[in-house]
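Single-letter residue listing:
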Amino acid sequence: MKTFRIGGVHPAENKLSAGKAIGILPVPERAVFPLSQHIGAPAIPVVEKGDRVKVGTKIAEAGGFVSACVYSSVSGVVNKIDNIIDASGYSKPAIFIDVEGDEWEESIDRSSSLIKTCDFSSEEIVKKIKDAGIVGMGGACFPTHVKLSPPPGCAAECILINAVECEPYLTADHRLMLEKGDEVLVGVTLLMKAVKVKKAYIGIESNKPDAIRLLQEKAASYEGIEVVPLKVKYPQGGEKQLIDAIIGRRVPPPPAIPINVGAVVQNVGTAFAVYEAVQKNKPLFERVVTVTGKSVLKPSNFLVRMGTPMKQLVDAAGGLPEDAAKIIAGGPMMGKALANLDVPVCKGSSGLLVMTKAEARRSEPQPCIRCAKCVTVCPMGLEPFLLATCSAHGYWERVEHEMIMSCIECGSCQFTCPSHRPILDYIRLGKGKVSGIIRARNTKK
Amino acid sequence: MANKLIVSLSPHVHNGDSVQRNMYGVMIALIPALLVSFYMFGLGAVIVSLTSVASCLFFEWAITKFILKRERTTIADGSAALTGLLLAFNLPSNLPLWIIVIGALVSIGIGKMTFGGLGCNPFNPALVGRVFLLISFPVQMTSWPVTGQLLSYTDAETGATPLALMKQAIHGDTEALGKLPDTLDLFLGNNPGCLGEVSALALLIGLFYMLWKKIISWHIPVSILVTVFVFSGLMHWVDPDTYASPLVHLCTGGLMLGAIFMATDYVTSPMSHKGMILYGVCIGFLTVVIRLFGAYPEGMSFAILIMNAFTPLINAYCKPKRFGEVKK
């Protein structure tokens, strides 16, 4: 079985909610839509206080090419445009909507019938995707239409669908494949058409044998789609790792991107959103979210309207456990710890993980014993111990030379460190500084 | 919300590994060799190893508490006990107590704590102690008891080690190689020597344990053993009367102990796999050079200490292969 070739770790999988069918979460009383749910320029509001909106009404327009519009997931009245602390911990502007009823825009096809045929041209598909506000649903939230518009001089050769879900605990993509397999596959054909390629690979880790079997059966009737079972290893869902695992090509260090080796990587959740946007005229305002944790009463997968406060998800899964000490938006390896449960579900919210006090405890760091385990597990072939130490001392030139910008922040180094050193904390500090230095240098030119 | 939430950056989980787990893991890997030493050298081995471990622990505790004045001592992390055990493995079983205590003081005091304690020392502390003793007390450090004297300590009868016989052969004694014990005896440990180094078999069991538990990687031990085998094999092939066979080289002296436990010391060995192999090849080469052409019969300790000094340089030049990097 295939996998990526450098480094990697094996965190305990803990896929507690894998057997739980996707439930539908009730519409919230108030929904909050941050204007920055994606990488790039924030969206610009097109509604004002007091405006009435329906489910699927555009409430904010993309603020540039690398940006995405935002749609309302509820019907009701705009209450205010104000700041809210989102999953990143920063206070950012958002649109607050008080919910009244559940009235949908008429243009949206709400039937469950599968539509396979599509007469749109590539450009029309990309435009539809852009208009629907679709971003990478795996968590990175990079606007999808940008990835589907190769820069001049580059041509896509194949689409890679990331259905790896290598983060422990998360099962949202797994359930989506099991329950919406055909929709996902149609979405993949649309993506293939969008970038004009004849081949698509769907990478699934072998811990999801049912999804592999199902998609393999279904894919037989779609031309050019191949399901590739992958050996379980974290961080296989990393874009560069997935390309290495499936087609054996390695993306050169930044500023190179996957398209430089002819690959376009999209998350399986994104493929589903593309299906809904193109075939059903439904913009992105819903997604599947896993709510899980060892002390959570009912670990579940929910189809959630965006803007729903996280608290409602926890309540639906049996309430906040007594011993909850840390709540993470996303998985345990790369997710973000939340300061409170008022944070709304966004386009990139793949899961909500509740950790107990015992699990959340960080051990006291001990001196680095130079065991080289961080070097062995680093999937980018870096020397995390060196980057962390040099960042701690402020040697910015040195860390740039040691390729700190290649770091994908997967956390394998810190996960493995026997001395429990906060390696990635320091590397993030260094990355922030170095990217500032690089930006300053480029503007000077 | 009544209770406050913890907010920290990812990753939020850890694989549960710790410094202690690795240190005690190495100690577990040393158990087979320790048992062989008890079986071969009896009381002497017990006294030497206990004294060495106890005095290393004492010096680590005393130095952190009274000289460095740190709030917490670090003896619980297992590194001092491991240094003590490895030092004992590098001593003959009839060494007087006071010499062992001096060795422990040099190991922990000069080899480790002067540089700031665990993780900061450039040289392997146990080897610093051993080489200090070897140079300061050459007579006591090079008279090894014959195996099987279970109840004797400093009064044990001593005999020539295989390495000494091999050195005599190089100096022109044509009968010396013939007096070597059977290679199987050398492999199992039935020959005079330092207490931990005699049994290649027991040390190899330790190696496999450490590889299985992923405490060390194969790069350093394998590159040392292969280099020694190839280089000494070449010399043996050129002149079999003067130079002993490569198998004898592998099974004698501190070679296995050095390759498996001393050279693989985390703190003092290179960080990248490429660097580890270069380091191992150089250690193997230097060991054979010292054994065949140097003044000392054994070269392992010196080879490792010399290469320890080169570790920062190796780290600076042997970088791991970066993802996607193209050769210019």
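Note that the coordinates shown come from a computational prediction; the quantities given were computed from them, not determined experimentally. (Residues numbered from 1 in each chain as written. Chains lettered and ligands numbered in written order. Predicted model: local features only at pLDDT ≥ 70, side-chain atom pairs only at ≥ 80, totals over all residues. Heavy atoms only, no water.)

Another aspect to go through is the overall build of chain B. When helices and strands are counted, chain B shows 14 helices and two strands. A compact globule built from 328 residues should have a C-alpha radius of gyration of about 20 Å, and chain B, at 21 Å, falls within 12% of that. The principal-axis extents of the C-alpha atoms in chain B amount to approximately 85 × 55 × 30 Å. Expressed as a percentage of the 328 residues in chain B, the buried residues total 58%. When contacts within chain B are restricted to residue pairs at least 6 apart in sequence, long-range pairs at least 24 apart make up 75% of them. Working note: accessible area of chain B is about 13,900 Å², and carbon and sulfur atoms make up 70% of it. (Helix = DSSP H or I, 4+ residues; strand = E, 2+ residues; numbered from the N terminus. Rg over C-alpha atoms; globule rule 2.2 N^0.38 Å. Buried < 20%, exposed > 50% of the residue type's maximum accessible area, 1.4 Å probe, protein only. Contact = heavy atoms within 4.5 Å. Areas by Shrake-Rupley, 256 points an atom, 1.4 Å probe, with all protein chains shown as cover.)

A word on the overall build of chain A. Counting its regular elements, chain A contains 14 helices and 17 strands. A compact globule built from 445 residues should have a C-alpha radius of gyration of about 22 Å, and chain A, at 21 Å, falls within 12% of that. Dimensions of chain A, computed from C-alpha atoms along their principal axes, come out at roughly 65 × 50 × 50 Å. Expressed as a percentage of the 445 residues in chain A, the buried residues total 57%.

This next bit is on the packing of helix H1 (residues 122-131) of chain A against helix H4 (residues 181-195) of chain A. Residue and element names in this part refer to chain A. Where H1 meets H4, the closest approach of the two axes is 7 Å, and the angle between their N-to-C directions is 120 degrees. Compared by their axis directions, H1 and H4 come out oblique. With respect to the hand of their crossing, H1 and H4 are arranged in left-handed fashion. Between H1 and H4, the contacting residues are Ser122, Ile125, Val126 and Ile129 on the first element and Leu190, Leu191, Lys193 and Ala194 on the second. (Axes fitted to C-alpha atoms, helices over the stretch in contact; angles between N-to-C directions. Parallel < 35°, antiparallel > 145°, perpendicular 65-115°, else oblique. Left-handed = near helix turned anticlockwise from the far one by under 90°.)

So, on to the interface of chain B and chain A. With 38 residues of chain B at the contact, the number on the chain A side is 62 residues. For the chain B face of the interface with chain A, the top three residues by lost area are B:His12, B:Met271 and B:Phe323, together amounting to 21%. Our count for the chain B to chain A interface comes out at five salt bridges. With its nearest N and O atoms 3.4 Å apart, the salt bridge here joins B:Arg322 to A:Glu383. Viewed at the interface, chain A and chain B are joined by 23 residue pairs in polar contact (both at pLDDT 80 or more). Mapped onto the side of chain B that touches chain A, the elements with two or more residues apiece are helix H1 (19-41) and helix H13 (273-293) of chain B. (Buried area = accessible area lost by both parts, 1.4 Å probe. Salt bridge = Lys/Arg side-chain N within 4 Å of Asp/Glu carboxyl O. Polar contact = N/O pair within 3.5 Å; in protein donor to acceptor, adjacent residues only side chain to side chain.)

Our next topic: the environment of A:Asp98. All names here are of chain A. In this fold, Asp98 is placed in strand S8 (residues 91-99). In this structure the C-alpha to C-alpha distance between Asp98 and Arg30, which are 68 residues apart in sequence, comes to 4.6 Å. Among residues more than four places away in sequence, those in contact with Asp98 are Glu29, Arg30, Ser75, Gly76, Val77 and Asn79. Among the polar contacts made by the side chain of Asp98, one reaches the side chain of Arg30 at a distance of 3.1 Å.

Further remarks concern the sheet that holds strand S7 (residues 76-85) of chain A. Pairing between sheet strands relies on hydrogen bonds along the backbone, with the strands arranged either parallel or antiparallel. All names here are of chain A. The four strands lie next to each other as S2-S8-S7-S4, forming an open sheet whose pairing is antiparallel. Two strands lie at the open edges of the sheet, namely strand S2 (30-34) and strand S4 (52-53), each paired on one side alone. Relative to S8, S2 runs antiparallel, the two being bridged by five bridges. Note on S8: the bridge partner recorded for Ala31 is Ile97. (Pairing = 2+ DSSP bridges.)

Formed by 122 residues in total, the largest nonpolar core has its most connected members in B:Phe261 and B:Ile283. Broken down by element, the residue count for this core peaks at 11 residues, all from H1(B). With sequence-adjacent residues up to four places away left out, B:Phe261 is seen in contact with B:Val26, B:Ala29, B:Leu30, B:Leu86, B:Leu203, B:Gly206, B:Met210 and B:Met256. With 69 residues, the next largest nonpolar core counts A:Val188, A:Ile225, A:Val227 and A:Leu341 among its residues. (Core = buried A, V, L, I, M, F, W, Y, C linked by side-chain atoms within 4.5 Å.)

Turning next to the domain arrangement of chain B. Residues and elements named next belong to chain B. Splitting chain B by domain gives domain 1 (20-140) and domain 2 (160-317). Computed over C-alpha atoms only, the centres of domain 1 and domain 2 are separated by 21 Å. Looking at the side of domain 1 facing domain 2, the largest losses of area belong to Phe89, Asn124 and Leu127, adding up to 17% of the total buried there. Run the count over domain 1 and domain 2 and you get zero salt bridges. The interface formed by domain 1 and domain 2 includes six residue pairs in polar contact (both at pLDDT 80 or more). Tallying contributions element by element places H1 first for the side of domain 1 that touches domain 2, with 13 residues. Partitioning the side of domain 1 that touches domain 2 into residue classes produces 26 nonpolar, eight polar and two charged. (Domains from an automatic or database assignment. Nonpolar A, V, L, I, M, F, W, Y, C, P; charged D, E, K, R; others polar.)

Our focus in this paragraph is unusual backbone geometry. Cis geometry is adopted by the peptide bond preceding A:Pro255, which originates at A:Pro254 and carries an omega value of 10 degrees. Structurally, A:Pro255 is set in the loop between helix H6 (239-247) and strand S12 (263-267). Cis geometry marks the peptide bond from B:Ser10 to B:Pro11, where omega comes out at 0 degrees. Residue position: B:Pro11 is located in the segment before H1. You will see that A:His420, though not glycine, has its phi angle at about 55 degrees, which is positive.

What follows is about the pattern of salt bridges. Any two side chains of opposite charge can pair if their charged atoms end up close together. All names here are of chain A. Scanning the model with the defined rule gives 36 salt bridges over all chains in all. For Glu100, the salt bridge is made with Arg52, and the minimal N-O distance between the two is 2.4 Å. With Glu100 in the loop between S8 and H1 and Arg52 in strand S4, the pair connects residues that are 48 residues apart, well separated along the chain. Among the ionic pairs, Asp244 bridges to Arg250, the shortest N-O distance being 3.7 Å. By relative accessible area, which is 24% here, Arg250 ends up partly exposed. Salt bridges linked by common partners bring Asp102, Glu276, Lys282, Glu286 and Arg305 together as one network.

Turning our eyes to something else, we now look at the domain arrangement of chain A. All names here are of chain A. Partitioning chain A into domains gives domain 1 (122-279) and domain 2 (373-444). Listed per partner, the contact involves six residues of domain 1 and eight residues of domain 2. Together, the buried faces of domain 1 and domain 2 total about 530 Å²; carbon and sulfur atoms form 66% of this surface. Counting across the interface, domain 1 meets domain 2 through zero salt bridges. Our count for the contact surface shared by domain 1 and domain 2 stands at two residue pairs in polar contact (both at pLDDT 80 or more). The residue inventory of the side of domain 1 that touches domain 2, partitioned by class, reads four nonpolar, one polar and one charged.

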